Amino acid sequence: MKRPYFFPVRRTAQILAAAAFLFFLPVAVQAQTFPEGSASGTTELNAERPAGRFPFINLEIREPENPDEVAFSVQVLLLLTVLSLAPSIIILTTSFLRISIVLDFIKRALSLQQVPPTQVLNGVALFLTLFIMWPTFSEMYGRAFRPLADGEMNVETAYNEAAAPLRLFMFRQLDGDTSSLQLFMSMADLDRPETLADVPTHVLIPAYILHELTVAFKIGIFLYLPFIIIDMVVASILMSMGMIMLPPVQISMPFKLILFVLVDGWTLLTQQLFVSFLN
């Protein structure tokens, strides 16, 4: 005999009981008081208690009332523009460009794919840049940012004072190689400069970038040479043994790592990068 099916009835009763409990629960909680003999109190909310205060934010767009407000708005716009371009400026006008490219070259020369990660190499390049550029940054702070914060000079004067140490650093890196500087001076249709001060900043920066790319690629060539020799030796041995299907990179990578560790490669690379900026 088939058993009758009562599940829908039971389920409906459970739902109604739960709904009744939830309906009468707030009333019971609101009227609840503390047990007898305890401190007087109740769980009812105090209607006279002020609500939490939140700040009022007002964004207003109106016509400027005087020229000072126009100048201030333009300064804010220029400041936001400079802040958005700050990472690119730091990368392209400091030693970060050369260091990051060289570290990427050494990673590719060792046939490493994921180790060390790109974020780690960029972090190493960033802190090496801070170490190398610290005297320049300290001079920029003492000559421009500190007097500007104390109200001793305006923004234009502070910009010129801050750009001077950075321009001097880029000029020092271009010492002995003025081909890129002459290229951009001729492309800008400017006369031959008599002093370094006659070179505009918008000409100096691309010349410095081109020079740094050239130097970084030269260093990358010297880094590749010993590891290419190891790859050629391993490939020749595998070919002579008839192991054509075995990738030579898989066999040569441990030998390249052993060589790099034995010669203390990271120390030598860091030292030579630092020396390359001492002109």
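An unreviewed UniProt entry lists the protein under the name Flagellar biosynthetic protein FliP, from Candidatus Avitreponema avistercoris. UniProt's Sequence similarities (unreviewed entry) comment on the protein is quoted here verbatim: "Belongs to the FliP/MopC/SpaP family." We quote the UniProt Function (unreviewed entry) comment for the protein here in full: "Plays a role in the flagellum-specific transport system."

Caption draft 1: View of the pattern of salt bridges. If you walk through the whole model with that rule in mind, you get five salt bridges. A salt bridge links Arg 108 to Asp 104, with the nearest nitrogen and oxygen atoms 2.8 Å apart. Within this pair, Arg 108 and its partner Asp 104 are both found in helix H3 (residues 96-109), separated by four residues, close to a single helical turn. Of the residues examined, Asp 104 reaches a relative accessible area of 31% and is grouped as partly exposed. The shortest N-O distance in the salt bridge between Arg 143 and Glu 161 comes to 2.8 Å. Within this pair, whereas Arg 143 is found in helix H4 (residues 118-149), its partner Glu 161 is found in helix H5 (residues 155-173), the two being separated by 18 residues in sequence. When its relative accessible area of 32% is taken as the criterion, Arg 143 is described as partly exposed. The class for Glu 161 is partly exposed, based on a relative accessible area of 26%. If you follow the salt bridges from partner to partner, you end up with Glu 139, Arg 143 and Glu 161 in one network.

Caption draft 2: The UniProt feature "transmembrane region" (unreviewed entry) in the protein, seen in detail. As recorded in UniProt, the feature "transmembrane region" (unreviewed entry) lies at residues 76-99, 120-137, 221-245 and 257-278. For residues 221-245, the helix share is 80%, the strand share is 0%, and the end-to-end C-alpha distance is 29 Å. Strand forms 0% of residues 257-278 and helix 82%; the C-alpha atoms that close the span are 29 Å apart.

Caption draft 3: Inspection of the side chain of Ser 111 at higher detail. Along the chain, the position of Ser 111 falls in the loop between H3 and H4. Since its relative accessible area comes to 16%, Ser 111 is described here as buried. Once you skip the residues sitting within four places of it in the chain, Ser 111 turns out to touch Val 249, Met 253 and Lys 256.

Caption draft 4: A look at the side chain of Lys 107. Looking at the element boundaries, Lys 107 is found in helix H3. Despite its burial, Lys 107 remains without a salt bridge, the nearest opposite charge being carried by Asp 104 at 5.7 Å. Reaching out from Lys 107, the side chain makes a polar contact with the backbone oxygen of Pro 116 at a distance of 3.1 Å. When neighbours within four sequence positions are excluded, Lys 107 is seen to be in contact with Leu 112, Gln 113, Val 115, Pro 116, Pro 117, Thr 118 and Leu 121.

Caption draft 5: Broad picture of the layout of surface pockets. Taken as a whole, the largest pocket holds about 1,100 Å³ of empty space. Secondary structure elements with two or more residues in the lining of the largest pocket: helix H2 (67-93), H4, H5 and helix H7 (201-240). The greatest single-element share of the lining of the largest pocket, amounting to ten residues, is contributed by H2. Split by residue class, the lining of the largest pocket holds 22 nonpolar, four polar and two charged. Counted as a void, the second largest pocket has a volume near 320 Å³. Tallying contributions element by element places helix H6 (residues 179-187) first for the lining of the second largest pocket, with three residues. Grouping the amino acids of the lining of the second largest pocket by side-chain chemistry returns eight nonpolar, four polar and four charged.

Caption draft 6: Representation of the packing of H6 against H7 within the structure. Across the interface, H6 lies against H7 with an axial gap of 8 Å and an inter-helix angle of 140°. Relative to H7, the element H6 is oriented oblique. Here the hand of the crossing between H6 and H7 comes out right-handed. Mapping the contact onto sequence places Ser 180, Leu 181, Leu 183, Phe 184 and Met 185 in H6 and Val 203, Leu 204, Pro 206, Ala 207, Leu 210 and His 211 in H7.

Thresholds, definitions, all that
- Residues numbered from 1 in each chain as written.
- Predicted model: local features only at pLDDT ≥ 70, side-chain atom pairs only at ≥ 80, totals over all residues.
- Heavy atoms only, no water.
- UniProt positions renumbered as here; feature names shortened; annotations may be inferred.
- Salt bridge = Lys/Arg side-chain N within 4 Å of Asp/Glu carboxyl O.
- Helix = DSSP H or I, 4+ residues; strand = E, 2+ residues; numbered from the N terminus.
- Buried < 20%, exposed > 50% of the residue type's maximum accessible area, 1.4 Å probe, protein only.
- Contact = heavy atoms within 4.5 Å.
- Lys, Arg positive; Asp, Glu negative; His and termini not counted.
- Polar contact = N/O pair within 3.5 Å; in protein donor to acceptor, adjacent residues only side chain to side chain.
- 1 Å grid on protein atoms, 1.4 Å probe; cavity = no way out; pocket = protein on both sides within 12 Å on 5 of 7 lines; lining within 4 Å.
- Points joined across faces, edges and corners; volume = space filled by probe spheres on them.
- Nonpolar A, V, L, I, M, F, W, Y, C, P; charged D, E, K, R; others polar.
- Axes fitted to C-alpha atoms, helices over the stretch in contact; angles between N-to-C directions.
- Parallel < 35°, antiparallel > 145°, perpendicular 65-115°, else oblique.
- Left-handed = near helix turned anticlockwise from the far one by under 90°.

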